[in-house]
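What follows is each chain in one-letter form.
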There are 2 protein chains.
Amino acid sequence: MRDEVALSIFGNNVRDLRNKRQISQEKLAELSDLDRTYISSVERGQRNVSILNIIKIAEALNVNINSLFEGIGGCDE
Amino acid sequence: MRDEVALSIFGNNVRDLRNKRQISQEKLAELSDLDRTYISSVERGQRNVSILNIIKIAEALNVNINSLFEGIGGCDE
DNA sequence: GTGTGACTATCAGTCCGTG
DNA sequence: ACACGGACTGATAGTCACA
């Protein structure tokens, strides 16, 4: 299952970028119009996030969608 | 709902890249281990594809995940 | 080779709470 | 501010027959 690995990488990217922006999970939840606990589980790689929410998160973090996928196969790493 | 717009762009990207590779939906379905009709609906923007399937499709098409998001806000367009 | 409607099991996403 | 749990509803994954 490299599925879980991919989700973990994605989650870590979200967390890293959020920390760089120095905002809390709660704030990110508010900005992306998602639930606080959902952001939490995404960051821990427990959710198979859908494209619409990926976009929401990217916009909330004000980053390219690309950067959320950094380190995942399929991107040029 | 620009949600549907995003899904349409994504679907069009899949279709364009598939056509460039000159493979059929059936072949892409086989390569990505997804259903033929599922690929069909994704290309027409009717599915909110999840990250795991995005990765599968990108790998099957042998492209960067980035290129699947071209034209969608959040990418540098 | 592709579009489409319909279907069921499973999951996304939210809300409640705890520590 | 965050991890983690249960429980809930609507949406999605994945498949089928038919056009």
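All values derive from a computational prediction rather than experimental measurement.

### Description of the overall build of chain A
No. 1: Counting secondary structure elements, chain A contains 5 helices and 0 strands.
No. 2: If you list the helices and strands of chain A from N to C, you get α-α-α-α-α.
No. 3: Compactness check: chain A gives a C-alpha radius of gyration of 11 Å against a globular reference of 11 Å for 77 residues, within 12% of the reference.
No. 4: Here chain A, with 77 residues, has 49% of them falling under the buried criterion.
No. 5: Only carbon and sulfur atoms are counted for the fraction: they give 39% of the accessible area of chain A, which is about 4,100 Å².
No. 6: Computed over 10 positive and 12 negative side-chain charges, the inter-centroid distance for chain A is 5 Å.

### Some points on the protein's contact with DNA strand D
No. 1: Taken together, 18 residues lie near DNA strand D, and A:Arg15, A:Gln25, A:Arg44, B:Tyr38 and B:Arg47 sit nearest.
No. 2: Within 4 Å of the protein, atoms of DNA strand D come from sugar and phosphate in 64% of cases.
No. 3: Interatomic distance of 2.9 Å between a side-chain N/O atom of B:Tyr38 and a phosphate oxygen of DNA strand D.
No. 4: One of the side-chain nitrogen or oxygen atoms of B:Arg47 is found 2.7 Å away from a base nitrogen of DNA strand D.
No. 5: Of all the secondary structure elements, the ones that give two or more residues to the surface near DNA strand D are helix H1 (2-21), helix H2 (25-32) and helix H3 (36-43) of chain A together with helix H3 (36-43) of chain B.
No. 6: Per-element tally for the surface near DNA strand D: the top contributor is H3(A), with 3 residues.

Each value, and the rule that gives it
Residues numbered from 1 in each chain as written. Chains lettered and ligands numbered in written order. Predicted model: local features only at pLDDT ≥ 70, side-chain atom pairs only at ≥ 80, totals over all residues. Heavy atoms only, no water. Helix = DSSP H or I, 4+ residues; strand = E, 2+ residues; numbered from the N terminus. Rg over C-alpha atoms; globule rule 2.2 N^0.38 Å. Buried < 20%, exposed > 50% of the residue type's maximum accessible area, 1.4 Å probe, protein only. Areas by Shrake-Rupley, 256 points an atom, 1.4 Å probe, with all protein chains shown as cover. Lys, Arg positive; Asp, Glu negative; His and termini not counted. Charge placed at Lys NZ, Arg CZ, Asp CG, Glu CD. Near = heavy atom within 4 Å. Polar contact = N/O pair within 3.5 Å; in protein donor to acceptor, adjacent residues only side chain to side chain.

Just distances and angles here, no functional claims.
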